[in-house]
Amino acid sequence: MTTLSDIRDAVDAAAAPRRPSTWRRLARNPSVMAGGVILLVMLAIALVAPLLGTIGPSRIDPISRNKTPGTEITMRADDGTRVLRTAWMGTDSLGRDVYSRVIYGTRVSLAVGVAATIVSVSIGLAVGLLAGYLRWLDAVAMRFMDGMMAIPGILLAIALVSLWGAGLLTVILAVAVPEIPRVVRLVRSLVLTIREEPYVEAAVALGTPMPLVLVRHVMPNTVAPLIVQATFICASAILVEALLSFLGIGIPPEIPTWGNIMAEGRALFRVFPHNILFPGIFLSLTVLAINVIGDGLRDTLDPRMSKRI
Amino acid sequence: MDGETPILDVRGLTIALPAGADRRLAVDAVSFTVRPREIVCLVGESGSGKSVTGFSVMGLLPKTLRATGGQVLLAGEDMLQATPQRLRELRCTRMSMVFQEPMTALNPVMTCGEQIDEVLRAHTTLDAPARQRRIVDLLGRVRMTEPERMAAAYPHQLSGGQRQRIMIAMAVALEPALIIADEPTTALDVTTQAQILELIKDIQRQFATGVLFITHDFGVVAEIAHRVAVMRHGRLVEFGPAADVLSHPREAYTRMLIAAVPGMAPPARAPAGLKDEVLRVDRLAKTYETGGWLGRKRSVNAAAGVSLCVRRGETLGIVGESGSGKSTVARCVARLVDPSAGRILIGGQDIARLAAGALRPFRRKVQVIFQDPYRSLNPRRTIRQSMVEGPMNYGLGAVPALERATALLDLVGLEAGALDRYPHQFSGGQRQRICIARALAMEPELLIADEPVSALDVSVQAQVLDLIEDVRRRLDLAILFITHDLRVAARVCDRVAVMRRGEVVEEGLIEAVFLEPRHEYTRALLAAAPGKDWQFGALAAG
């Protein structure tokens, strides 16, 4: 019933001038706030990891292997003196301090999540804008993207890592590439509607060159849904990175990542579950926080999308 | 008719708006009555509260709106106090509603017969064959040809007018005492609108119902109303017999509204003279092709063999119903779509086939004003950014571009302070002024106005039309004016071309076409214009 929604629109429009700014609305959204606080804590942990009572995350101590959480261990400091230290999260099968590894692992996980999101969103945005606006490119680009989507994301990532060899950069790319088609599809569908808007046609009539039309008039109007999508990509990237590390094909085992720590603890999981428990908690908390932020952003920035779901 | 108990008696109806709206009350102490066998028109501009009033009678108010006072008496029973269950019983049996958009008001996955049947099943004890007979009878009474076939059809198989007939058949299925029609003809073409208005009058006589007819169009009011209630900002401005209100309005607001309605008779105009040709369109055609590759190809001729010519200082109108191809012609001339055949001569040079690069010098000569002022300005750019974009594309410096923007805003009646605001901070009429200023900033030779006032209220419409007339005279512009509204065409055009199904059926001076139409379709269009016998243009604003 158009007329009923017309009334609502009129009511909304009447209320519009006093609508608070986007930032204020975001600050009022409980899920954005809750997720944001958790994520900020994680970010702080990553930044000041050396100051949080950690020791070298790769430091091996054969004497104190497989200690349960809370055990006091003596270890030799660099100057030869012996120090007594409590391993809050226990140690792994090489005697490395799980607490230090989990804290340092935050750095890698967040870095992979953010970097993979930036890579996939920027490539996806560029391809999506062009594919949505240029008809001749659309068919070619979208069939290629369909082809990429036909390969399961994890398998594609595994294939790419084995192709390029393991390392932080290759893992970031391997995690980012399977996400690109999803971004392209989202952006393209937005562009298809935006380019029919009279203000885009007006810009064409004003003689604005095509690249400028895309950057000035089309792109800014795709931003809100794209930010929402980016949070979900970030969460999924962190998970995929952990999964690749867990399978032993991701970032080399000497670099502490949450996936690597869990992979290390896999063999003795029944006896010493702490090796999987603590990085698991950090991983779930982070991914949960990002997803919750994404939901909140969607409700605030893109109310149509939340109604649809 | 006098002395009868009214079927609907609205007394001091007051409806509150949610906090934070631009006014406190959506409807403020409104009182009027609808008697049996009477059509009352509730007329007003957008935001006047007329639809909210209609919905409150049906008990269909959105949850954010609450009736805070007054009574809505339907045959003596207060609808505002009725329980949801009682309202459900009364809907269809005592009162029913016809909506604006017949496509979305009908369920697309049910046949029309099933949808009428649903009403009968819910409220009557008739058995299936009896209901079937009743459905066919109803469809006959709303003058559907082949009622049996129509009952078996799905909504998408019918035209807009036929769908509206189905809605009316559903509304009268249980012979309610009151029908509320909320802009039932606004989404329809003018010839279809005339048929539906005729049908509503006929139905109202056949079933002896009272009709509350909500509309913004004074032409429609003049056509069907017995009594008129004029609303503004939620208040009832004037209520009385149609003839009185239309010819001797008591309130200044009503006088202003009626004076703003253009008359059907074109005003006397200074002859444009034979100046240079700015645009000549020669046998222009546009064919849209869909499918192909694997599916079967289908093609639609949106325009075929269209030839036109516009001279400097002259306004050529293209009138026609939806789907007649008038917008396609405009978009081809602006090269927003590529024509399939024919020539488009701007200043003597054919631009129909030019590639993007070669087209650039011509872009500045042809500017477009679009129908929807809410969508023709980028919501994320300030007015300043929108205004200087075009001139700066053609090498004008930032400072002179800004000076030009300021001067043009002044010309269209906006202050320079508007430059740093965003489109959502302006009303529809102001936005359309900004769009006109933006087009003029390019110093064009030809201005294409594609339904520039269709989305505006009648009082704002008059101002924008005056502005377009004013800039044409001052800047000696050629204007291609696309409209479906014959009154608007009569007001601003020197010559007019009538289009139907992609072809120009008649073209000539506005007086000749409007006063002595040669083609039968032109005659049908003119005859269908609502309130054509009413001398709207004659009444002076006072």
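Just so we're clear, the structure is a prediction, and the values are computed from it rather than from any experiment.

## A closer look at the overall build of chain A
- Counting its regular elements, chain A contains 14 helices and 2 strands.
- The 309 residues of chain A split such that 40% are buried.
- Taking all contacts inside chain A whose residues are at least 6 apart in sequence as the whole, residues at least 24 apart take part in 71%.

## Thoughts on the overall build of chain B
- Helix and strand counts for chain B come out as 20 helices and 20 strands.
- A compact globule built from 542 residues should have a C-alpha radius of gyration of about 24 Å, and chain B, at 25 Å, falls within 12% of that.
- Along the first, second and third principal axes, the C-alpha set of chain B runs to 75 × 55 × 45 Å.
- Across the 542 residues in chain B, those meeting the buried criterion constitute 48%.
- Intrachain contacts of chain B at a sequence separation of at least 6 include 71% that bridge at least 24 residues.

## Here's the deal with the packing of helix α4 (residues 98-133) of chain A against helix α8 (residues 180-194) of chain A
Residue and element names in this part refer to chain A.
- Viewed as axis vectors pointing N to C, α4 and α8 meet at an angle of 40°, and their least axial separation amounts to 7 Å. It follows from the interaxial angle that α4 and α8 lie oblique. Like other packed secondary-structure pairs, α4 and α8 cross with a definite hand, here right-handed. Across from S120, V121, I123, G124, L125, V127, G128, L129, A131, G132 and Y133 in α4, the residues of α8 making contact are I180, V183, V184, L186, V187, R188, V191 and L192.
- Across the contact of α4 with α8, the residue classes break down as 14 nonpolar, 4 polar and 1 charged.

## Brief notes about the packing of helix α3 (residues 30-47) of chain A against helix α13 (residues 274-301) of chain A
All names here are of chain A.
- Look at α3 against α13: their axes get within 8 Å of each other, and the N-to-C directions meet at 145°. For the pair α3 and α13, the sense of crossing is left-handed. Judged by residue contacts, S31, V32, A34, G35, G36, I38, L39 and M42 of α3 engage L285, T286, A289, I290, V292, I293, D295, G296, L297 and T300 from α13.

## Details of the nonpolar core
Residue and element names in this part refer to chain B.
- Judged by nonpolar contacts, the single largest core of 231 residues is most densely connected at F213, V333 and L480.
- Two domains share this core, each providing at least three of its residues, namely domain 1 (1-94 + 177-261) and domain 2 (103-175).
- Those residues in contact with F213 that lie beyond four places of it in its chain are I39, V40, C41, L42, A181, I224 and A225.

## Comments concerning the sheet that holds strand β16 (residues 366-369) of chain B
Residues and elements named next belong to chain B.
- As summarised here, the arrangement of the 6 strands in space is β16-β17-β18-β13-β19-β20, forming an open sheet in which the pairing is mixed. Edge positions in the open sheet fall to β16 and β20 (503-509), since each of these has one partner strand only. Adjacent strand axes in the sheet meet at a mean angle of 20° when their direction is disregarded.
- Bridge count between β16 and strand β17 (residues 446-450): 4 bridges; the pairing is parallel. Residue pairing in the sheet places Q367 in a bridge with L447 of β17.

## A few points about the domain arrangement of chain B
Residues and elements named next belong to chain B.
- What the domain assignment reports for chain B is domain 1 (1-94 + 177-261) and domain 2 (103-175).
- Inter-centroid distance (C-alpha atoms) of domain 1 to domain 2 is 25 Å.
- Each partner contributes residues to the interface: domain 1 has 13 residues there, and domain 2 has 15 residues.
- Going through the elements one at a time, α2 (84-93) and α8 (190-207) are the ones with two or more residues in the side of domain 1 that touches domain 2.
- Ranked by residues supplied to the side of domain 1 that touches domain 2, first place goes to α8 with 7 residues.
- For the side of domain 1 that touches domain 2, the class distribution of residues is 9 nonpolar, 4 polar and no charged.

## Topic: the environment of B:G54
Residue and element names in this part refer to chain B.
- Its place among the elements puts G54 in helix α1 (residues 50-58).
- Given 21 C-beta atoms within a 10 Å radius, G54 is considered buried.
- C-alpha separation for the pair G54 and I180, spaced 126 residues apart in sequence, amounts to 6.7 Å.

## What about the confidence of the model for chain A?
Residues and elements named next belong to chain A.
- For chain A, the average pLDDT comes to 83, and 90% of its residues sit at 70 or higher.
- Across chain A, α8 holds the top mean pLDDT of 93, while helix α1 (residues 2-15) sits lowest at 44.
- Predicted confidence is poor over residues 1-18, with pLDDT under 50, and the contacts of this stretch with residues over four places away or in other chains come to 31 contacts.

## Considerations on the sheet that holds strand β15 (residues 349-350) of chain B
All names here are of chain B.
- Read across the sheet, 4 strands follow the order β12-β11-β14-β15 without closing on themselves; strand pairing throughout is antiparallel. Edge strands, defined here as strands with exactly one partner in the open sheet, are β12 (298-311) and β15.
- In the packing of helix α12 (residues 326-333) onto the sheet, contacts are made with β11 (277-290), β12 and β14 (341-346), and the angle to β11 comes to roughly 115°.

## Focus on helix α7 (residues 160-172) of chain B
All names here are of chain B.
- In a regular helix each residue adds 1.5 Å, so 13 residues correspond to 18 Å; α7 covers 19 Å between its end C-alpha atoms and thus fits that length.
- Counting buried positions along α7 gives 11 out of 13 residues, so the element sits mostly inside the fold.
- Along α7, the residues classified as buried are Q162, R163, Q164, R165, I166, M167, I168, A169, M170, A171 and V172.
- Buried positions along α7 lie against β6 (95-98), α3 (102-105), α4 (112-123), α5 (128-141), β7 (178-182) and α8.

## Considering the pairing of β17(B)
Residue and element names in this part refer to chain B.
- For β17, the tally of buried residues reaches 5 of 5 residues, placing the bulk of the element in the interior.
- Residue alternation in β17 divides its side chains into two sets, L446, I448 and D450 and L447 and A449, and both sets are buried.
- One ladder, built from 5 bridges, connects β17 with strand β18 (residues 478-483); its direction is parallel. Counterpart to I448 in the pairing with β18 is L480.
- After leaving β17, the chain enters helix α17 (residues 458-475) and then returns to the sheet as β18, a path that is right-handed.

## Some words on the environment of B:L138
Residue and element names in this part refer to chain B.
- Within the element layout of this structure, L138 appears in helix α5.
- A count of 24 C-beta atoms within 10 Å places L138 in the buried class.
- Distance from L138 to M170, taken between C-alpha atoms, is 8.3 Å for residues 32 residues apart in sequence.
- If we skip the residues at most four places from it in the chain, L138 touches I116, A169, V172 and A173.

## Details of the pairing of strand β1 (residues 71-76) of chain A
Residues and elements named next belong to chain A.
- Little of β1 is tucked away: 0 of the 6 residues are buried.
- Sheet analysis places β1 next to strand β2 (residues 82-87), joined by 6 bridges and oriented antiparallel. When the sheet's bridge partners are listed, I73 is paired in β2 with R85.

## A closer look at the confidence of the model for chain B
Residue and element names in this part refer to chain B.
- Looking at chain B, the pLDDT average stands at 87 and 96% of residues meet or exceed 70.
- Element-level mean pLDDT values for chain B span from 78 in α3 up to 94 in β18.
- Here the predicted complex scores 0.80 on pTM and 0.79 on ipTM.

## Re unusual backbone geometry
Residues and elements named next belong to chain B.
- One non-glycine residue, E146, adopts positive backbone phi at about 50°.
- Take E146: it is sitting in the loop between α5 and α6 (147-151).
- The exposure class assigned to E146 is exposed, which follows from the 12 C-beta atoms found within 10 Å.

## A closer look at the environment of B:A304
Residue and element names in this part refer to chain B.
- With respect to the secondary-structure elements, A304 resides in strand β12.
- Residue A304 is classed as partly exposed on the basis of its C-beta count, with 18 C-beta atoms lying within 10 Å.
- Residues within four places of A304 in sequence aside, it is in contact with A285, G502 and E503.

Procedures and definitions
Residues numbered from 1 in each chain as written. Chains lettered and ligands numbered in written order. Predicted model: local features only at pLDDT ≥ 70, side-chain atom pairs only at ≥ 80, totals over all residues. Helix = DSSP H or I, 4+ residues; strand = E, 2+ residues; numbered from the N terminus. Buried ≥ 20, exposed ≤ 12 C-beta atoms within 10 Å, placed from the backbone. Contact = placed C-beta atoms within 7 Å. Rg over C-alpha atoms; globule rule 2.2 N^0.38 Å. Axes fitted to C-alpha atoms, helices over the stretch in contact; angles between N-to-C directions. Parallel < 35°, antiparallel > 145°, perpendicular 65-115°, else oblique. Left-handed = near helix turned anticlockwise from the far one by under 90°. Nonpolar A, V, L, I, M, F, W, Y, C, P; charged D, E, K, R; others polar. Core = buried A, V, L, I, M, F, W, Y, C linked by C-beta atoms within 7 Å. Domains from an automatic or database assignment. Pairing = 2+ DSSP bridges. pLDDT = per-residue confidence, 0-100. Expected span 1.5 Å × (residues − 1). Right-handed = clockwise from strand over helix to strand, strands pointing away.

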